[in-house]
Amino acid sequence: MSVSAQQLDAVRWLKQSGSDLVAARQLRDGGSFAQSCFFSQQSAEKLFKGAIILLKGAIPRSHSVQDLSNTLRAEYAVPLDKTVKRLDNFYTVSRYPDASPSEMSPFELYDVDDAQEAIHLVEQAMRVTLQWLGEQNLMPEGYSLAPCAKAETAPGF
C-alpha cells in the first residue's frame, strides 16, 4: 500500500509535535519555564493539526489548541480531555512582555510547576490522539510515533 502525500504531510506534523515536546522537556530541565510552556502549546497544536490533516486532508488555520481539540472531539469523537485548552494560555503571554497584565516579563511569570503541568497536558493528549489514530488505522504502515508519545509522568499525575 502506498503512502499518500496527505499521510506524509500529517506524519511530518506529528513528528514535529514530538520534537517540540522533547524541546519543552529540555527547556524545563534548563530552567526556561516560559519557553517550555510555549513549546508544550506548540506540541499540542501540531499534534492536533497532524491528526486533522489525516482526517480532512487540509491544514487547519488556527493556533488555538481549544479549537483544534474541539474539532477532533466533536467531529470525530476523539476522547480528548477538555483541560488541554489550558495550553492556549501559553501561546502569547509566555513570549511577549506586553501580552501580560503584569509588569513582569514572561520568564518571570512561570515556574517549574507550570512547565510540568503543560508537559503533562501534552503527554496526555498525545497518548489519547495517537492511540485513537492507531485504532482507526489512519497511520501509514511502517510509521511509528511511539518515541513521540513516551511520557515522563505517571498517567495519574
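So, how was this worked out
Residues numbered from 1 in each chain as written. Predicted model: local features only at pLDDT ≥ 70, side-chain atom pairs only at ≥ 80, totals over all residues. Heavy atoms only, no water. Helix = DSSP H or I, 4+ residues; strand = E, 2+ residues; numbered from the N terminus. Contact = heavy atoms within 4.5 Å. Axes fitted to C-alpha atoms, helices over the stretch in contact; angles between N-to-C directions. Parallel < 35°, antiparallel > 145°, perpendicular 65-115°, else oblique. Left-handed = near helix turned anticlockwise from the far one by under 90°. Nonpolar A, V, L, I, M, F, W, Y, C, P; charged D, E, K, R; others polar.

Our next topic: the environment of Leu87. Relative to the assigned elements, Leu87 resides in the loop between helix H3 (65–76) and helix H4 (106–109). Residues Leu87 and Ser43 lie 44 residues apart in sequence; the distance between their C-alpha atoms is 9.8 Å. Once you skip the residues sitting within four places of it in the chain, Leu87 turns out to touch Ser40, Gln41, Ala44, Val65, Ala118, Leu121 and Val122.

Next up on the list: the packing of helix H2 (residues 33–56) against helix H5 (residues 112–135). Direction vectors running N to C along H2 and H5 enclose 15 degrees, while the axes themselves pass 8 Å from each other. The pairing of H2 with H5 is recorded here as roughly parallel in orientation. Pair H2 / H5 crosses with left-handed handedness. Facing Phe33, Ser36, Cys37, Ser40, Ser43, Ala44, Leu47, Phe48, Ala51, Leu54 and Leu55 of H2, the residues of H5 in contact are Val112, Asp114, Ala115, Ala118, Ile119, Val122, Ala125, Met126, Thr129, Leu130, Trp132 and Leu133. Here the residues of the contact of H2 with H5 are counted per class, giving 18 nonpolar, four polar and one charged.

By themselves these figures say nothing about function.
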